[in-house]
Amino acid sequence: MSTTDRLRYVYAVTRPFEGVLPEGAHGIGGEPPRLLRHGDLVAVVGAVPPEDFDEVPLRARLEDLDWLAGTARAHDAVIAALSTVTCPLPLRLATVCRDDSGVRRLLEDGHDRFARALERLDGRVEWGVKVYAEPQAAEEAEPEAPASGSTGRDYLRRRLHARRSRDGDWQRADALCRRLHAELSGYAEAGTVHRPQDARLSGAPGVNVLNAAYLVDRTRSERFVELVEAASEPGVRVELTGPWAPYSFAGIADEDAPAPEEGPAATADAPAPQEAGR
């Protein structure tokens, strides 16, 4: 299939920058992306097959978790490569145009929103912070039924102690979340809270009680990391990830985004790459 027969997958928008993408940066299908400049904006695009990315087959593909995760990893690899040479505005997973003309219309119609987002994100990175409640196994286990020689009162006392211990762990986790989120939000340029992750899907031990992202100036990131690393308490685990490209703070470019006149555009039910692939 020739390039002219394929759709255009748009990974990100940037300002024009000197140099080229790092050698070895590959996107969907293993193909290196290219830069398409339109005025004072640049779209980072790749050619993708319509049998996967046209509107109807794409909706079916988005139900295939293995395909979705692989696509998200390829998307994220391009954004990571971009982040080494410029400050990208990541677009939502499966933002697709019919051809180069459609990409140019996307840039032109969304110019002001893209420009504002790039100004907001310039020089900043995203850090992810998750807090997990981890009650001790001994405290979580229900006391055994009264043994010979012990009284029902002893048994009830042990049950009450175990419940109070668990309640104390939840209270500590909740208090730490509130305190930590307030402190980090005040230090960061912006902060947002995502839905807690389901342990059955993430495989992480404990119960996720805070799943947040923070937009932090690169020059302040070292201190931000120190604040997070000092936050753990007994029965509460704090996990830091990043730095990432600022996926969680690129939404300004999606608000009221017009669809290209020809061919598919970003599908409304496509998740962000971090949600699908991390």
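Here is what the cut-offs are and how they apply
Within any chain, residue numbers begin from 1 and follow the written order of that chain's sequence. Where local features are concerned, this predicted model is filtered to residues with pLDDT of at least 70; where side-chain atom pairs are given and counted, the filter is 80 or more; whole-chain, interface and lining totals use all residues. Water and hydrogen atoms play no part in the side-chain values, which are based on all heavy atoms of the structure. Whether two strands pair depends on DSSP finding at least two bridges between them. Secondary structure elements are taken from DSSP: a helix is a run of H or I of four residues or more, a strand is a run of E of two residues or more, and numbering for both begins at the N terminus. Structural elements are reduced to axes, namely lines fitted to C-alpha atoms, with helices fitted over the stretch in contact, and the angle between N-to-C directions of any two is expressed from 0 to 180 degrees. Contact criterion: two residues are considered in contact whenever any of their non-hydrogen atoms come within 4.5 Å of each other. Polar contacts here mean pairs of N or O atoms no more than 3.5 Å apart (in protein, one a potential hydrogen donor and the other a potential acceptor; neighbouring residues in sequence count only if both atoms are side-chain atoms). Each residue's exposure class comes from its accessible area (1.4 Å probe, protein chains only) as a fraction of the maximum for that residue type: buried when under 20%, exposed when over 50%, partly exposed otherwise. To pair, rings of Phe, Tyr and Trp, with the six-membered ring standing in for Trp, must have centres within 6.5 Å; the planes then decide the type, stacked if under 30 degrees apart, edge-to-face if over 60, and tilted in the middle. Each residue after the first adds 1.5 Å to the expected span of a helix. Salt bridge criterion: a side-chain nitrogen from Lys or Arg within 4 Å of a carboxyl oxygen from Asp or Glu.

(A) Examining the sheet that holds strand 6 (residues 124-133) more closely. Reading across from one edge, 7-8-6-9 is the order of the four strands in this open sheet, with antiparallel pairing throughout. This sheet does not close on itself; its edge strands, each paired only once, are strand 7 (190-193) and strand 9 (236-244). Each strand of the sheet is rotated relative to its neighbour by a mean of 20 degrees, with strand direction disregarded. The sheet contact formed by strand 7 and strand 8 (residues 207-217) spans four bridges and is antiparallel. Of the residues in strand 8, the one forming a bridge with Val 193 is Ala 212. In this fold helix 5 (residues 111-121) packs onto strand 6, strand 7 and strand 8, with an angle of close to 70 degrees to the strand it touches most, strand 6. Along the sheet, helix 9 (residues 221-229) contacts strand 6, strand 8 and strand 9; its crossing angle with strand 6, the most-contacted strand, is approximately 0 degrees.

(B) Looking closely at the side chain of Glu 126. When you line up the elements, Glu 126 lands in strand 6. A polar contact is formed between the side chain of Glu 126 and the backbone nitrogen of Ser 248, at a distance of 2.8 Å.

(C) Looking closely at the environment of Val 236. By the element assignment, Val 236 lies in strand 9. Judged by relative accessible area, Val 236 falls into the buried class, the value being 4%. Taking C-alpha positions, Val 236 is 8.7 Å from Trp 170, a pair spaced 66 residues apart along the chain.

(D) Molecular detail of the packing of aromatic side chains. Within the structure shown, the criterion is met by five aromatic pairs. Here the aromatic rings of Tyr 9 and Tyr 11 are separated by 4.7 Å at their centres, their planes lie at 50 degrees, and the arrangement is tilted. When sorted by exposure, Tyr 9 lands in the same class as Tyr 11, which is buried. On the basis of an interplanar angle of 85 degrees and a centroid distance of 5.7 Å, the ring pair of Tyr 9 and Phe 53 is categorised as edge-to-face.

(E) Broad picture of the environment of His 38. Mapping His 38 onto the fold places it in strand 2 (residues 34-38). With 22 residues separating them along the chain, His 38 and Pro 16 place their C-alpha atoms 9.4 Å apart. Those residues in contact with His 38, other than ones at most four positions away along the chain, are Arg 104, Leu 107 and Glu 108. At 3.2 Å, the side chain of His 38 and the side chain of Glu 108 are in polar contact.

(F) Summary view of helix 3 (residues 65-83). The first and last C-alpha atoms of helix 3 sit 26 Å apart over 19 residues, in line with the 27 Å expected at 1.5 Å per residue. What helix 3 keeps buried is the set Trp 67, Leu 68, Ala 69, Thr 71, Ala 72, Ala 74, His 75, Asp 76, Val 78, Ile 79, Ala 81 and Leu 82.

(G) Quick peek at the pairing of strand 8. The buried count for strand 8 comes to eight of eleven residues, which makes it a mostly enclosed element. Bridge count for strand 6 against strand 8 is ten bridges, and the pairing is antiparallel. Across the sheet, the residue bridging to Arg 124 is Asp 217, located in strand 8.

(H) Up close: the pattern of salt bridges. Per the stated rule, a full pass over the model turns up eleven salt bridges. Where Glu 189 meets Arg 124, a salt bridge forms, and the shortest distance between an N and an O atom there is 3.7 Å. Taken together, the residues Glu 189 in the loop between helix 7 (152-187) and strand 7 and Arg 124 in strand 6 connect sequence positions 65 residues apart. Note that Asp 174 and Arg 178 form a salt bridge whose closest N and O atoms lie 3.0 Å from each other. Of the two residues, Asp 174 and Arg 178 both sit in helix 7, four residues apart, roughly one turn of that helix. On the basis of relative accessibility, which here comes to 61%, the residue Arg 178 falls in the exposed class.

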